[in-house]
Amino acid sequence: MAADLSNIVKAYDVRGVVPDEWDEHLAELFGAAFVEVTGAPAIVIGHDMRPSSPGLSAAFARGAAARGVDVTLIGLCSTDQLYYASGSMNLPGAMFTASHNPARYNGIKLCRAGAAPVGQDTGLSQIRELVEKWSDDGAPAPAAGTAPGTITEQDSLHGYAAHLKGLVDLTGIRPLKVVVDAGNGMGGHTVPTVFEGLPLDLVPMYFELDGTFPNHEANPLDPKNIVDLQARVLSEGADLGIAFDGDADRCFIVDERGQGVSPSAITALVAARELARNGGTGTVIHNLITSWSVPEVVRENGGTPVRTRVGHSFIKEEMAKTGAIFGGEHSAHYYFKDFWNADTGMLAALHVLAALGGQDGPLSGLVSSYDRYAGSGEINSTVADQAGRLAAVKETYGARDGVTVDELDGLTVTAEDWWFNVRASNTEPLLRLNVEASDAETLAEVRDEVLALIRA
């Protein structure tokens, strides 16, 4: 009976428990299906530090090469390093990672040549159908006369580091002391090479590559996972701290006081710098959960802000459509035109270092002008009837004077001095609430009223 892969093929990637939900046999079929759907003569493959990653990526390579496709293996890498390889070599790519998920998980992030994303609507559903069809008997033999492709290894880390440093001017920065928490993920592999030669006193934390995550989950958006970093920044008297997630494509910043800096403030800071690099003009994409400060800063710096739904496929689509120079999300994903519209937390981190090192004040002072409102962060509520609760919130606020409602992504309600968004999770029985207001008192009032409706 053909396999049912609906549990592991998500909207933007493949992800599941190894070997219970998928294994090297299926990885080999994914490799064959990927080359069938992309039609590419060659591909590039990278993987993270999870115990199952080398075996799965090798199986994927075998499946691709058997169909006559030449494979370049770049080995251990961060997800944005794989995007660099795909972009610079102009080849489709496959990255084996499950980001910050627990050790027993693994997955594949796929892209077309030039790091263009592969999601459900751009090839992933066809790949899934082929793998399901082939799961019993294996992939059909390639056309007669097709010689197997070659499998070669190539280092891309130094090229990746040089490319990033070519996009940010770090020449004149003052010496900085920076603590980096790699969370036993791929930041421990990329940071030493990228930071090499910069006037940085680097204090490394958890740089040992270990896909069992012995110190903490490699998800810096969860406050409990940056506690060690915050304490170390204070004990070292460091200028800032940087935390990377498991596959090191997202970064989270901590200031000299040990306080987390909101990803919206980082989005605004980087947007201002990218606009200056582009002569004070350009489009900047932000999702609808980023702070009001983001579009304000973009306009103040001569740019055009464009609001989009949450999720990297929407951001990348909008960037391609508008020719945007930069995009940012509340989840600490940062996208750059000069990086094939792909997300790279490392480049955002370099912008923060350049901005901080280019002036004399502390990071808290530098970001204060980009952090203008009180925000709740994401508050999750377990709700059985998501649609019913959303309807109740809409009914309550829709009739009020001076309030606008839109449904671009979930429900966004906006008043003169506050806004909130409620979205249903795609994967769990949750409603996610984000609130922002002009002051903490208004924020608490709005937050509590909406939560009472959601949890009624």
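Residues numbered from 1 in each chain as written. Predicted model: local features only at pLDDT ≥ 70, side-chain atom pairs only at ≥ 80, totals over all residues. Heavy atoms only, no water.

## Quick look at the overall build of the protein chain
Then, in step 1: Of regular secondary structure, the protein chain possesses 14 helices and 22 strands.
Then, in step 2: Compactness check: the protein chain gives a C-alpha radius of gyration of 22 Å against a globular reference of 23 Å for 456 residues, within 12% of the reference.
Then, in step 3: In terms of its C-alpha atoms, the protein chain occupies a principal-axis envelope of roughly 70 × 55 × 45 Å.
Then, in step 4: Taken across its 456 residues, the protein chain has 56% of its residues classed as buried.
Then, in step 5: Within the protein chain, counting contacts between residues at least 6 apart in sequence, those at least 24 apart form 68% of the total. (Helix = DSSP H or I, 4+ residues; strand = E, 2+ residues; numbered from the N terminus. Rg over C-alpha atoms; globule rule 2.2 N^0.38 Å. Buried < 20%, exposed > 50% of the residue type's maximum accessible area, 1.4 Å probe, protein only. Contact = heavy atoms within 4.5 Å.)

## So, unusual backbone geometry
Then, in step 1: Note that the residue after V18, namely P19, is joined by a cis bond; omega there is 0 degrees.
Then, in step 2: Examined against the element boundaries, P19 turns out to sit in the loop between β1 (14-17) and α1 (24-38).

## Focus: a negative patch on the surface
Then, in step 1: A contiguous patch of negative charge, built from E416, D417, D439, E441 and E445, is present on the exposed surface.
Then, in step 2: For E416, the position within the fold is in the loop between β20 (411-414) and β21 (418-424). (Patch = residues over 30% accessible without salt bridge, like charges linked within 9 Å, V, L, I, M, F, W, Y side chains within 5 Å. Areas by Shrake-Rupley, 256 points an atom, 1.4 Å probe, with all protein chains shown as cover. Salt bridge = Lys/Arg side-chain N within 4 Å of Asp/Glu carboxyl O. Lys, Arg positive; Asp, Glu negative; His and termini not counted. Charge placed at Lys NZ, Arg CZ, Asp CG, Glu CD.)

## Describing the pairing of strand β4 (residues 93-96)
Then, in step 1: Of the two faces of β4, both are covered, the one formed by G93 and M95 as well as the one formed by A94 and F96.
Then, in step 2: With 4 bridges joining them, strand β2 (residues 42-47) and β4 adopt parallel strand pairing. Residue pairing in the sheet places V44 in a bridge with G93 of β4. (Pairing = 2+ DSSP bridges.)

## Quick word on the environment of L209
Then, in step 1: Tracing the backbone shows L209 in the loop between β9 (200-205) and α7 (227-236).
Then, in step 2: The exposure class assigned to L209 is partly exposed, which follows from its relative accessible area of 35%.
Then, in step 3: Sequence separation between L209 and G258 is 49 residues; the distance between their C-alpha atoms is 25 Å.
Then, in step 4: Residues in contact with L209, not counting those within four places in the same chain, are M49, L76, N184, G185, M186, G188 and H189.

## Describing the pattern of salt bridges
Then, in step 1: Enumeration over the complete set of coordinates arrives at 26 salt bridges.
Then, in step 2: Among the salt bridges present, the one from D222 reaches K224, with a minimum N-O distance of 2.7 Å.
Then, in step 3: The class for D222 is partly exposed, based on a relative accessible area of 24%.
Then, in step 4: R372 is paired through a salt bridge with E296; the nearest N and O atoms lie 3.0 Å apart. A residue pair is termed long-range when its members are at least 10 positions apart, and R372 in the loop between α12 (363-368) and β17 (374-375) and E296 in helix α9 (residues 293-300) qualify at 76 residues.
Then, in step 5: By relative accessible area, which is 32% here, R372 ends up partly exposed.

## Thoughts on the pairing of strand β14 (residues 304-308)
Then, in step 1: Of the strand pairs in this sheet, strand β13 (residues 283-287) and β14 are connected by 5 bridges, and their pairing is parallel. Residue H286 lies in a different strand from β14, and its bridge partner there is R307.

## A closer look at the layout of surface pockets
Then, in step 1: Put simply, the second largest pocket is a space of about 360 Å³.
Then, in step 2: Along the walls of the second largest pocket sit 18 residues, with P117, G119, T122, S313 and E317 positioned nearest its centre.
Then, in step 3: Elements with a minimum of two residues in the lining of the second largest pocket: β6 (116-117) and α10 (312-322).
Then, in step 4: Per-element accounting of the lining of the second largest pocket gives the leading share, 6 residues, to α10.
Then, in step 5: Considering only residue class, the lining of the second largest pocket consists of 8 nonpolar, 7 polar and 3 charged. (1 Å grid on protein atoms, 1.4 Å probe; cavity = no way out; pocket = protein on both sides within 12 Å on 5 of 7 lines; lining within 4 Å. Points joined across faces, edges and corners; volume = space filled by probe spheres on them. Nonpolar A, V, L, I, M, F, W, Y, C, P; charged D, E, K, R; others polar.)

## Quick look at helix α14 (residues 440-454)
Then, in step 1: With 15 residues, α14 extends 21 Å between its outermost C-alpha atoms, agreeing within 8% with the 21 Å of an ideal straight helix rising 1.5 Å per residue.
Then, in step 2: For α14, every residue scored as buried is listed here: T442, L443, V446, V450, L451, L453 and I454. Buried residues along α14 cover an arc of 155 degrees about the axis, so they all sit on one side. Every exposed residue of α14 that faces more than 90 degrees away from the buried side is listed here: A440, E441 and E445.
Then, in step 3: Looking at the buried positions of α14, the neighbouring elements they touch are β17, β18 (379-382), α13 (386-398), β21 and β22 (430-437).
Then, in step 4: By the N-cap criterion, in which a side-chain oxygen at the helix start approaches the backbone nitrogen of a residue two or three places on, α14 is capped by D439, the distance to E441 being 3.1 Å. (Expected span 1.5 Å × (residues − 1). Arc of directions from axis to C-beta. Polar contact = N/O pair within 3.5 Å; in protein donor to acceptor, adjacent residues only side chain to side chain.)

Purely geometric stuff here, so don't read any function into it on its own.
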